[in-house]
Amino acid sequence: MADLLMSDLRPDELEPDVSLFADGLGLDSIDAVELVVAVEKEFGVRVAEEGGDTRALRSLNTLLDAIEGHAVRVDTTLAAPRIRHSVGVCALPKVRVLELRGPDAWAQIEAALPVRLGLRDGDACETLLLDSGQHAVTWVRILCIEDRFLLLSEGDGLLDALRAVGAQPERAPLAVLAVDGPFAWEVLNARDVPLFGLRTDGDEVCVQCPQTGEFGYLLVLPESAAPARLAALTLGAEGLGGGAVSVDERDNATLQSFRFVPRWMAGRLPEELQLSWAVEGGRPPAERRIVGFRCDRVLPSGTGLTLDGAEVGVVLVIQPFGWDEGFFGVALLPVEVAHPGQRLLGRGDQGEVELRTVSAPMVRPRSRGVNRHVHSWATADQVPPAAVLV
C-alpha cells in the first residue's frame with residue numbers, strides 16, 4: 001500500500017486515519033487518478049468514479065475499507081467508459097519510434113514493408129509488418145516529416161525488418177501518448193496542439209489516429225517531456241469528465257471497434273483479419289476470416305466452436321463488455337459462415353456457451369454525433385451517447 005500511495009514512509013509509519021491529501025500525505029489530483037488506476041490493477045476494485053463518491057480516498061482506513069468490501073469489483077480489461085463518454089489519456093510504453101533518414105529511406109521502407117509510399121511532407125500512412133510467412137506481426141504508422149520518417153510500432157520486429165534490407169534506423173528517444181474520445185480534440189485545443197492530419201509543434205508531433213472508433217490522436221514527443229505532458233493532458237481530461245485510462249482499456253475499446261490489436265490478432269494473414277487494404281500486392285483470397293461475436297458467459301481464448309455439430313472455428317479473443325452485459329470477442333471462421341447471425345457453440349468450464357456472430361463495429365461511437373464547430377463539453381448533453389449496436 002505504501003508503494004501505491006507513492007509515499008516515502010515505511011508501512012509502519014503510515015497513520016491509518018491521516019488524510020491522503022493536503023496536510024496529510026500531500027497527494028494532488030493527478031496522484032489521485034494514478035492511485036485509483038493502481039488500486040484497480042493491484043486489487044481489481046474500483047474505489048472511486050469520476051464525478052462520483054470519492055469518500056474512499058479520504059484516508060488510508062477508508063481506502064482499505066473500500067478495497068476489502070465496499071467497492072465495485074471490476075476486470076482491468078473492461079471497456080473504457082471515459083473513451084466512449086468524453087476523453088481518455090494514456091501513455092503507450094510498448095510503442096517504439098524509429099527514425100530513418102537519407103536518400104534511400106523511401107526505398108528501404110518499401111522493401112521492408114508491404115506498402116507503396118505515396119507520402120509528401122506532413123503525411124502519414126498505416127500498414128502491417130508481416131513475417132516470412134506473410135502473417136501479421138504488428139501495426140506500423142509511418143510519418144513523413146521534412147527529410148525524415150518516423151515509424152511507430154510495437155516490439156523489435158520492424159527494427160529487424162529494416163536492418164534486413166540494409167537500412168540503419170535509429171531508435172529515437174521519443175515517447176507516444178494517446179488521447180481518445182468524442183471530446184479529445186477539446187483537450188488538445190486547450191493546449192494549442194494542432195489537430196488535423198499530421199502536425200509538428202517544435203519537438204512534438206501530433207497525428208490523427210481514430211483507433212478506438214472515437215476521435216483519436218497520438219502525440220510523439222521527447223521522453224523527457226512526456227511525464228509533464230501526460231499529467232497536463234490528464235488534468236485537462238478530468239475537467240471534461242474524463243481522465244487517465246489504461247492501455248488494456250484502450251485496447252478493449254479498439255477491439256469493440258473491430259480494429260487490429262497486435263497482442264490478440266498477430267500471427268494471422270491480413271486477409272483473415274480483413275486487412276487486405278493495408279498491404280500491397282496481389283494475394284490469394286482467404287479461406288477463413290475473423291468475425292465479431294457476443295455471448296453471456298466467458299470462454300477461454302482458443303476454444304473450438306461448432307455449428308450444427310460440426311467444428312468450424314476458434315475463439316481468438318474474448319473480453320467483458322464492461323458498460324453492457326455479457327462478453328464480446330473475435331472468432332476465426334471459414335469464409336462461408338463468417339457473417340452475422342450465426343449461432344455457434346463453445347464448451348467452457350460451466351458447460352456449453354452459445355455465441356452469436358454480429359456485425360462490426362460493435363458500438364456506435366459518440367464521436368459520430370459530435371460537430372466540432374458546434375459542440376463542446378459544455379453542450380455534451382446535446383450529443384447522443386455511445387451505444388451498443390448488437
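Look above for the structure.
Residues numbered from 1 in each chain as written. Predicted model: local features only at pLDDT ≥ 70, side-chain atom pairs only at ≥ 80, totals over all residues. Heavy atoms only, no water.

(A) Seen up close, the overall build of the protein chain. Scanning the protein chain from N- to C-terminus turns up nine helices and 21 strands. Of all 390 residues assigned to the protein chain, the portion counted as buried reaches 50%. In the protein chain, the share of contacts with a sequence separation of at least 24, taken over all contacts with a separation of at least 6, comes to 66%. Looking at the protein chain as shown, the accessible area adds up to about 18,300 Å², and 48% of this sits on carbon and sulfur atoms. (Helix = DSSP H or I, 4+ residues; strand = E, 2+ residues; numbered from the N terminus. Buried < 20%, exposed > 50% of the residue type's maximum accessible area, 1.4 Å probe, protein only. Contact = heavy atoms within 4.5 Å. Areas by Shrake-Rupley, 256 points an atom, 1.4 Å probe, with all protein chains shown as cover.)

(B) Broad picture of the state of the cysteines. Per the counting criterion, the structure on display carries zero disulfides. Counting only cysteine sulfurs, Cys-144 is the nearest neighbor of Cys-125, a cysteine outside any disulfide, at a range of 9.2 Å. (Disulfide = S-S within 2.5 Å.)

(C) The environment of Gly-369, seen in detail. Tracing the chain through its elements places Gly-369 in the loop between strand E20 (363–364) and strand E21 (387–388). On the basis of relative accessible area, Gly-369 is assigned to the partly exposed category, the value being 33%. For Gly-369 and Gln-382, which are 13 residues apart along the polypeptide, the C-alpha to C-alpha distance reads 8.9 Å. The residues contacting Gly-369, other than those within four sequence positions of it, are His-375 and Val-383.

(D) The sheet that holds strand E5 (residues 124–130), seen in detail. Strands sit in the order E5-E6-E7-E4-E8 across an open sheet of five strands; the sheet is antiparallel. The open sheet is flanked by E5 and strand E8 (170–171), the only strands paired with a single partner. Sheet analysis places strand E4 (residues 95–101) next to strand E7 (residues 148–154), joined by seven bridges and oriented antiparallel. Across the sheet, the residue bridging to Arg-96 is Ser-153, located in E7. In the packing of helix H5 (residues 157–164) onto the sheet, the strands contacted are E4, E5, strand E6 (136–145), E7 and E8, and the crossing angle to E4 comes to about 20 degrees. (Pairing = 2+ DSSP bridges. Axes fitted to C-alpha atoms, helices over the stretch in contact; angles between N-to-C directions.)

(E) Geometry of unusual backbone geometry. Looking along the chain, the bond that leaves Ala-360 and enters Pro-361 is cis, with omega of -5 degrees. Counting through the fold element by element, Pro-361 comes out in the loop between strand E19 (351–358) and E20. Positive phi, normally seen in glycine, also occurs at Gln-134, with a value near 70 degrees. Note that Gln-134 resides in the loop between E5 and E6. Under the relative-accessibility criterion, Gln-134 is labelled partly exposed at 34%. In this structure, Gln-274 is a non-glycine residue whose phi angle is positive, near 60 degrees. Looking at the secondary structure, you find Gln-274 in the loop between helix H9 (262–265) and strand E14 (288–295).

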